[in-house]
Amino acid sequence: MSASQTSDVPTLLVKIFGKDRPGITAGLFDTLAAYSVDVVDIEQVVTRGRIVLCALVTEPPRGLEGDLRATVHSWAESMKMQAEIISGIGDNLPRGVGRSLVTVLGHPLTSEATAAIAGRITATGANIDRIFRLAKYPVTAVEFAVSGVETEPLRTALVTDAAKLGVDVAVVAAGLYRRAQRLVVMDVDSTLIQDEVIELFAAHAGCEDKVAEVTAAAMRGELDFEQSLHARVALLEGLDASVVDKVRSEVRLTPGARTLIRTLKRLGYQVGVVSGGFTQVTDDLKERLGLDFAQANTLEIVDGKLTGRVTGEIVDRAGKARLLRRFAAEAGVPLSQTVAIGDGANDLDMLNAAGLGVAFNAKPVVREAAHTAVNFPFLDTVLYLLGITREEVEAADTLEVG
């Protein structure tokens, strides 16, 4: 009888556990093969050198079950392992409607936080089907496969209290879409890079404190972005254009930025940046990092001097969301397949328009409004929210170097 016909026939759950070593999986199935059983399901986990191997198989022909049990136990003993065999009917119970992936990031990931997250999942009426570690550094990242509740109410239940628990939590719908091509669009200042570009320019103009004060108020949402942009740029009037090259050399990428972009590009994703800063810097970043899209404001330069004005379309809060949609259309990627990353209030429209909006080390107002938040200073932790493991990233790096 084939495994597809086992919904109401007797089956055996064979569980093997003990010290891991090569040949255990092959040895178990060699042992079972003598009894003409069909494999219905397999699951294997290895943690700190200890293996748990579960095989769900059809019941052997009449009269052979006792012999199968004795043989499996004898084989396990010869391998210095333990065996447990449980009789039952059919396959695993079907998973509930509504499937989501819950990614939890912690540094460290405490047992208290894990218990709280698991408890909140259970309280929604959902079930945890599987748990898998994505990374152990620079943060511990664990993914829960959850079923039984739709994604949005599950996200609401989990994300709200994440900061209080000292973890970051992302909840996305499970399905084939997660493996499809995607578009990732990032803010630049304090996201892709550690700096505020206008403050770098202001330092050369001797007005850094004044500019920083206006910038902070704008990022908190206390000032209209366009007005604050004009006010700050006006302070740069008369600055020599040669300062552009100096600012480009001073820009510091956020830790993990290169790894994030390199990995996304290997996966066939398209990557772009939108910035309330300036094309004089974002164009350089686009070339250096191999970005597909880049859009920002442009400082006007006349006769080798900054005029204190910007030219062209202003990239503000609404503009960033508009550019996300434009990039998605040009990339041929549905908006639901986009990921937006940002830290300031002027990123909110973009974060909310994207399929997944990630607040990266963001201001409180942004963390509360985004789909999820990452509060660790490593930009490549965003990869874990996409289900990409640290081992996969490192293996790809090794292959490229080799």
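Per an unreviewed UniProt entry, the protein carries the name phosphoserine phosphatase and comes from Streptomyces thermocarboxydovorans. In the Sequence similarities (unreviewed entry) part of its UniProt record, the protein is described as follows: "Belongs to the HAD-like hydrolase superfamily. SerB family." Taken directly from UniProt, the Cofactor (unreviewed entry) text for the protein runs: "Mg(2+)".

Engineer: Just to check I follow, could you spell out the overall build of the protein for this structure?
Structural biologist: A tally of regular secondary structure across the protein gives 16 helices and 15 strands. Within the protein, contacts between residues separated by at least 24 positions form 67% of all contacts whose residues are at least 6 apart in sequence. Split by element, the accessible area of the protein, about 18,700 Å² in all, is 52% carbon and sulfur. Across the protein, the mean location of the 41 positive side-chain charges is 3 Å away from that of the 53 negative side-chain charges.

Engineer: How should I be thinking about the UniProt feature "domain: ACT" (unreviewed entry) in the protein in this particular structure?
Structural biologist: The feature "domain: ACT" (unreviewed entry), as given by UniProt, occupies residues 13-91 in the numbering adopted here. Annotated as residues 13-91, this span is 30% helix and 42% strand, and its ends, taken at the C-alpha atoms, are 10 Å apart.

Engineer: Looking at this structure, I do not really get the pattern of salt bridges. What am I missing?
Structural biologist: Within the structure shown, the criterion is met by 18 salt bridges. The residue Arg288 makes a salt bridge to Asp284 at a minimum N-O spacing of 3.4 Å. Here the residue Arg288 and the residue Asp284 both occupy positions in helix α11 (residues 279-289), the gap between them amounting to 4 residues, near one helical turn. Residue classification places Arg288 among the partly exposed positions, given a relative accessible area of 36%. The exposure class assigned to Asp284 is buried, which follows from its relative accessible area of 19%. A salt bridge links Glu313 to Arg326; its shortest N-O distance comes to 3.6 Å. With Glu313 in the loop between β12 (305-311) and α12 (317-331) and Arg326 in helix α12, this residue pair connects regions lying 13 residues apart in the sequence. Accessibility expressed as a relative area gives 41% for Glu313, which makes it partly exposed. On the basis of relative accessible area, Arg326 is assigned to the partly exposed category, the value being 32%. Look at the salt bridges and you will find they share partners, linking Asp187, Lys320 and Asp347 into a network.

Engineer: What's the story with the packing of helix α3 (residues 111-123) against helix α4 (residues 151-159) in this structure? I'm lost.
Structural biologist: Two quantities define a packed helix pair, namely the angle between the axes and the distance from one axis to the other. Axis separation between α3 and α4 bottoms out at 10 Å; the angle between their running directions is 145 degrees. Here the hand of the crossing between α3 and α4 comes out right-handed. Across from Ile117, Arg120 and Ile121 in α3, the residues of α4 making contact are Leu154, Ala157 and Leu158.

Engineer: Looking at this structure, I do not really get the sheet that holds strand β5 (residues 99-106). What am I missing?
Structural biologist: Strand pairing within a sheet occurs via backbone hydrogen bonds; the two strands may be parallel or antiparallel. The strand order β6-β7-β5-β8 describes an open sheet built from 4 strands, whose pairing is antiparallel. Of all the strands in the sheet, just β6 (127-135) and β8 (167-173) have a single pairing partner and so form its edges. In this sheet, neighbouring strand axes are inclined to one another by 20 degrees on average, regardless of whether the strands run parallel or antiparallel. In the sheet, β5 pairs with β8 via 7 bridges, with the strands oriented antiparallel. Bridging across to β8, Val104 finds its partner in Val169. This element, α4, spans β5, β7 (140-147) and β8 of the sheet and lies at about 175 degrees to β8.

Engineer: Help me out: how do you make sense of α12 in this one?
Structural biologist: Helical geometry note: an α-helix holds 3.6 residues per turn, so side chains three or four residues apart project in the same direction. In this model, α12 (15 residues) spans 21 Å end to end at C-alpha, consistent with the 21 Å of a helix rising 1.5 Å per residue. Turning to α12, its buried residues number three or more, namely Gly319, Lys320, Ala321, Leu323, Leu324, Phe327, Ala328 and Ala331. Considering only its buried residues, α12 is in contact with β9 (183-186), β10 (270-278), β11 (293-302), β13 (338-342) and α13 (348-353). Looking at the residues trailing α12, positive phi occurs at Gly332, about 70 degrees.

Engineer: Sorry, what's going on with the packing of helix α9 (residues 243-250) against α11 here?
Structural biologist: Contact geometry for α9 and α11: axes closest at 10 Å, N-to-C directions at 50 degrees. Between α9 and α11, the angle is such that the two are oblique. You can see that α9 and α11 cross each other, and the crossing is right-handed. Where α9 abuts α11, its residues Val244, Val247 and Arg248 lie against Gln280, Val281, Asp284 and Arg288. Each residue belonging to the contact of α9 with α11 can be placed in one class, and the counts come to 3 nonpolar, 1 polar and 3 charged.

Calculation rules
Residues numbered from 1 in each chain as written. Predicted model: local features only at pLDDT ≥ 70, side-chain atom pairs only at ≥ 80, totals over all residues. Heavy atoms only, no water. UniProt positions renumbered as here; feature names shortened; annotations may be inferred. Helix = DSSP H or I, 4+ residues; strand = E, 2+ residues; numbered from the N terminus. Contact = heavy atoms within 4.5 Å. Areas by Shrake-Rupley, 256 points an atom, 1.4 Å probe, with all protein chains shown as cover. Lys, Arg positive; Asp, Glu negative; His and termini not counted. Charge placed at Lys NZ, Arg CZ, Asp CG, Glu CD. Salt bridge = Lys/Arg side-chain N within 4 Å of Asp/Glu carboxyl O. Buried < 20%, exposed > 50% of the residue type's maximum accessible area, 1.4 Å probe, protein only. Axes fitted to C-alpha atoms, helices over the stretch in contact; angles between N-to-C directions. Left-handed = near helix turned anticlockwise from the far one by under 90°. Pairing = 2+ DSSP bridges. Expected span 1.5 Å × (residues − 1). Parallel < 35°, antiparallel > 145°, perpendicular 65-115°, else oblique. Nonpolar A, V, L, I, M, F, W, Y, C, P; charged D, E, K, R; others polar.

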